[in-house]
Amino acid sequence: MIIPPRAFSSDGLNNRLQELDLADEQIMQMLNYEIPPVELEAWPVFTIRTTKERPYGADKISPYTWQGLPPLGDDGHAILNPLL
């Protein structure tokens, strides 16, 4: 199996997979791996697409409370915020 470089964000990963000399099934297992939902954590953060300082000097993954957003998991009762 040849993995086209465009399938990855860098040629480095493609080269590394080829160096491992894995069977097609092993590669597919790696590519199809999913973290079980119960092991995931999620919270809103301040935008990560800026170089501006975040409120209170927080880092990129610090929780941030956005005004007008429903609690996580309550997508059916969202009040649309015109600024978002």
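Residues numbered from 1 in each chain as written. Predicted model: local features only at pLDDT ≥ 70, side-chain atom pairs only at ≥ 80, totals over all residues. Heavy atoms only, no water.

Along the backbone of the protein there are two helices and zero strands. Residue burial in the protein is summarised as follows: out of 84 residues, 10% are buried. If you take every contact in the protein between residues at least 6 apart in sequence, the share linking residues at least 24 apart comes to 13%. Counting only carbon and sulfur atoms, one obtains 57% of the accessible surface of the protein, whose full area is about 7,700 Å². (Helix = DSSP H or I, 4+ residues; strand = E, 2+ residues; numbered from the N terminus. Buried < 20%, exposed > 50% of the residue type's maximum accessible area, 1.4 Å probe, protein only. Contact = heavy atoms within 4.5 Å. Areas by Shrake-Rupley, 256 points an atom, 1.4 Å probe, with all protein chains shown as cover.)

Per-chain confidence: the protein averages 75 in pLDDT, with 74% of residues scoring 70 or above. Contacts from residues 1-5, a stretch scored under 50 in pLDDT, to residues over four places away or in other chains number ten contacts. (pLDDT = per-residue confidence, 0-100.)

We now examine the side chain of Arg 54. Along the chain, the position of Arg 54 falls in the segment after helix H2 (24-31). Within the buried set, Arg 54 has no salt-bridge partner at all; the shortest N-O distance to an opposite charge, 7.0 Å, is to Asp 59. Residues contacting Arg 54, with those up to four places away along its chain left out, are Phe 46, Thr 47, Ile 48, Asp 59 and Lys 60. (Lys, Arg positive; Asp, Glu negative; His and termini not counted. Salt bridge = Lys/Arg side-chain N within 4 Å of Asp/Glu carboxyl O.)

Another point: the packing of aromatic side chains. For any pair of aromatic rings, the description consists of the separation of the ring centres together with the inter-plane angle of the planes. Tallying each qualifying case throughout the model produces three aromatic pairs. Aromatic side chains Phe 46 and Tyr 64 sit 4.9 Å apart centroid to centroid with 75° between the ring planes, which places their arrangement in the edge-to-face category. Of this pair, Phe 46 sits in the segment after H2 while Tyr 64 sits in the segment after H2, and the two are 18 residues apart along the sequence. For Tyr 64, a relative accessible area of 23% puts it in the partly exposed group. Judged by centre distance (4.8 Å) and plane angle (75°), the ring pair of Tyr 64 and Trp 66 falls under edge-to-face. Taken together, the aromatic side chains of Phe 46, Tyr 64 and Trp 66 make up a single cluster linked through ring pairs. (Phe/Tyr/Trp six-rings, centres within 6.5 Å; stacked < 30°, edge-to-face > 60°.)

As a further point, take the environment of Pro 44. Among the secondary structure elements, Pro 44 is positioned in the segment after H2. In this structure Pro 44 comes out as partly exposed when scored by relative accessible area, which is 31%. Along the primary structure Pro 44 and Pro 63 are separated by 19 residues, whereas in three dimensions their C-alpha atoms are 5.7 Å apart. Once residues within four sequence positions are removed from consideration, Pro 44 is found in contact with Ser 62, Pro 63, Tyr 64, Trp 66 and Leu 72.

Moving on: a nonpolar patch on the surface. Together, Tyr 33, Ile 35 and Leu 40 make up an exposed nonpolar region whose accessible area comes to about 340 Å². For Tyr 33, the location among the structural elements is in the segment after H2. Assessed through its relative accessible area of 58%, Tyr 33 is described here as exposed. (Patch = residues over 30% accessible without salt bridge, like charges linked within 9 Å, V, L, I, M, F, W, Y side chains within 5 Å.)

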